[in-house]
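Examining the three-dimensional arrangement
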Amino acid sequence: MIEIIDGALFQRMVIHGAASINAQKQSINELNVFPVPDGDTGTNMSLTIATSAAEMKKKSGLTLGKAASVHASALLRGARGNSGVILSLLFRGFSKALKEKDTATGADLGEALSEGVSAAYKAVMKPAEGTILTVSRLAASRAVEAARENGAAEYVLEEAIKEGEVALANTIHQNPVLEKAGVVDAGGKGFLVILQGMLDELRGLPIPTDGEEEPEVKDKADFAALTDEEITFTFDTVFIVRKNQEEVDLDPFRAYLNSIGDSLVIGEDDESFKVHVHTDIPGSALTEAQKYGTLELAKIENMRTQYEDMAAGRTPQSTDDLDMDEAAQEPERVVAPPEKHYGVVAVCAGAGMASVFRDLGVDGIISGGQTMNPSTEDLLREIDRTPAEVVFVLPNNKNIIMAAQQCVGLAEGKKVVVLGTKTIPQGISAMMVMDPEADEESNVAAMSEAIGTVRTSEVTYAARDSDFGGFDIKAGDYMALAEGQLFGTDTDLNHLMERLAQDPSQQEAEFINIFYGEDVSEEAAQEVEAIFTASCPNAEINLISGGQPVYYYMISAE
């Protein structure tokens, strides 16, 4: 049984924990009860700890205290979504407890877990039972108790996980929604998956893979099996293309590639295809590929020079070396000097939405929202680039607010003010009343008041079958949400829009903005505009191409 943890072992534990949750992220996503297609707890927690795992892989010779500090810092900057932020808070307190230590015993581990829980509870405004906070608290409490029984770090972590599993199972009964759905809390599950991965590393178990199979495409030439005479074409070329339509006939492209090269392999799925080919004119291959979709990634290597390096006993250069060089370089932080008093950074998805915010005077746009929550680092980078003394941040999504709040105090030479906008329309309303000449307090008050006057409805689809809020929901049904709560479902989108237009929140409005998404044609959107015009005769109706993913329509009523 492992008695103590040193810096190197802790680094390996973090890497193992990150791999474990990456392998299970989809199953954790599916624990989200609400059937909208943005159940991303597992993804957010996986991406958050992946930033730390990347740092752990780059560094060596660290003491435990230093490794824990690097871990906490990377988690803070990489935190995505509420679950990712809480995970970073748990390990921030954990790091503080180990700050001066070269190694940790079981007692040290128990104390560190407890400090992490304290840090998380202090940061969450309204801690709720039946969440990751409950699971982590009870696991930490057991860890402290277990350390008195046996001081080995392995024993303490094992006992903490056991107690955490009991607490996780009980989350079903602590939250009525979870109980009805018969699932446990997704954040709590993710936390325990990470701890289990760390324990597995202590025990010497292999790191898991995510189980996803890539198309069988040869990524690199096998130079050891070649002679110079056998290299008919010079460049080993690999690239990935996202298809421009669902059904793409690749036979003509395959014939073209065979005419300019050999060793051709093409693997494809519904959304993209991956090509491996040896050719003397890789640029022509890439140009031709763009007739079938959008080029996303390409790798080109000169097999002749690589063979010559191998023949001379040298390590052949590879495009992998470029990846290593980039990974070894710390990203340069660019901080724009203040040129004005106020600046604004907003999060949104869709070219139309971004255009609206820019027209209203927003300085920086961060692409994100449902299913793709930006990290604290993403937000901080855009704040740094904003040439203002005071930077207002509009998260425009309830799952991004906590990540944005972590930026307060991190920006160099700027004051960060996070406004709690939970929807795109709230962010737009806040921008409508911002006054560059007013003082900060007046602006915050006016923007906050504007946020409270707008009512947001969103229309999407059900990602899975669900019995939620008295609705028998089937996968693929259209769903309308009003202020984040389920309004109704239907198999006919326009029928659902008619019902939504009759809702008092729309009937009482003076202004209604209808933002239609990337999956909605202009003609279909005009039909919905006509529905609202007929149903809400006293309101001024505006139809705007938002281009947002996931949501067919976002509707603001004021």
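Procedures and definitions
Residues numbered from 1 in each chain as written. Predicted model: local features only at pLDDT ≥ 70, side-chain atom pairs only at ≥ 80, totals over all residues. Heavy atoms only, no water. Helix = DSSP H or I, 4+ residues; strand = E, 2+ residues; numbered from the N terminus. Polar contact = N/O pair within 3.5 Å; in protein donor to acceptor, adjacent residues only side chain to side chain. Contact = heavy atoms within 4.5 Å. Pairing = 2+ DSSP bridges. Axes fitted to C-alpha atoms, helices over the stretch in contact; angles between N-to-C directions. Buried < 20%, exposed > 50% of the residue type's maximum accessible area, 1.4 Å probe, protein only. Lys, Arg positive; Asp, Glu negative; His and termini not counted. Salt bridge = Lys/Arg side-chain N within 4 Å of Asp/Glu carboxyl O. Arc of directions from axis to C-beta. Expected span 1.5 Å × (residues − 1). Bend = angle between axes of the 7 residues up to and from the residue. Parallel < 35°, antiparallel > 145°, perpendicular 65-115°, else oblique. Left-handed = near helix turned anticlockwise from the far one by under 90°. Nonpolar A, V, L, I, M, F, W, Y, C, P; charged D, E, K, R; others polar.

Looking now at the side chain of Asp108. Within the element layout of this structure, Asp108 appears in helix H5 (residues 106–123). Reaching out from Asp108, the side chain makes a polar contact with the backbone nitrogen of Thr105 at a distance of 3.0 Å. Setting aside residues up to four positions removed in sequence, Asp108 forms contacts with Leu98, Lys101 and Thr103.

The next point concerns the sheet that holds strand E17 (residues 540–545). Within the open sheet, the six strands sit side by side as E15-E14-E11-E18-E16-E17. Their pairing is mixed. A strand with exactly one partner marks an edge of an open sheet, and here the two such strands are strand E15 (485–490) and E17. Each strand of the sheet is rotated relative to its neighbour by a mean of 20°, with strand direction disregarded. Looking at chain direction, strand E16 (residues 511–516) and E17 are connected through six bridges and run parallel.

Quick look at the sheet that holds strand E9 (residues 388–394) now. Ordered in space as E8-E7-E9-E10, the four strands form an open sheet in which the pairing is parallel. Of all strands in the sheet, those with a lone pairing partner are strand E8 (364–367) and strand E10 (415–418), marking the two edges. The sheet shows a mean angle of 20° between the axes of neighbouring strands, taken without regard to direction. Bridging between strand E7 (residues 340–348) and E8 involves four bridges; their strand directions are parallel. The partner of Ala346 across the bridge, within E8, is Ile365. Contacts from helix H15 (residues 376–385) reach E7, E8, E9 and E10 within the one sheet, and its direction differs from that of E8 by about 165°.

Let's shift gears to the side chain of Lys414. Along the chain, Lys414 turns up in the loop between helix H16 (401–405) and E10. The side chain of Lys414 sits in the buried core without any salt bridge; Asp384 is the nearest counter-charge, 6.3 Å away. A polar atom in the side chain of Lys414 sits 2.7 Å from the backbone oxygen of Thr386. Excluding residues within four positions of it along the chain, Lys414 makes contact with Val335, Ala336, Ile383, Asp384, Thr386, Pro387, Ala388, Glu389 and Val391.

Residue Asn396 is not a glycine yet carries a positive backbone phi of 60°. Mapped onto the secondary structure, Asn396 falls in the loop between E9 and H16. In this structure, Glu483 is a non-glycine residue whose phi angle is positive, near 55°. By relative accessible area, which is 39% here, Glu483 ends up partly exposed.

Glancing now at helix H19 (residues 493–501). The complete set of buried residues in H19 reads Leu493, Leu496, Met497, Leu500 and Ala501. Along H19, the residues classed as buried sweep out an arc of 140° about the axis, all on the same side. Those residues of H19 that are buried are in contact with strand E11 (455–461), strand E14 (478–482), E15, helix H20 (504–507), helix H21 (522–535) and strand E18 (553–557).

An α-helical turn contains 3.6 residues, so a residue and the one three or four places further along point in the same direction. For helix H1 (residues 7–29), which comprises 23 residues, the first-to-last C-alpha distance of 31 Å matches the rise-based estimate of 33 Å (1.5 Å per residue) to within 8%. In H1, a bend of some 45° at Ala23 exceeds every other bend along the element.

The next point concerns the packing of helix H4 (residues 81–97) against H5. Here H4 crosses H5 at 135°, and the two axes come no closer than 6 Å. The angle between the axes of H4 and H5 places the two elements in the oblique class. Taken as a pair, H4 and H5 cross one another with a handedness that is right-handed. Facing Leu89, Leu90, Gly93, Phe94 and Ala97 of H4, the residues of H5 in contact are Leu109, Glu111, Ala112, Leu113, Glu115, Gly116, Val117, Ala119, Ala120 and Ala123. Among the residues making up the contact of H4 with H5, the classes are represented as 11 nonpolar, two polar and two charged.

Limitation: the analysis is restricted to geometry and does not speak to function.
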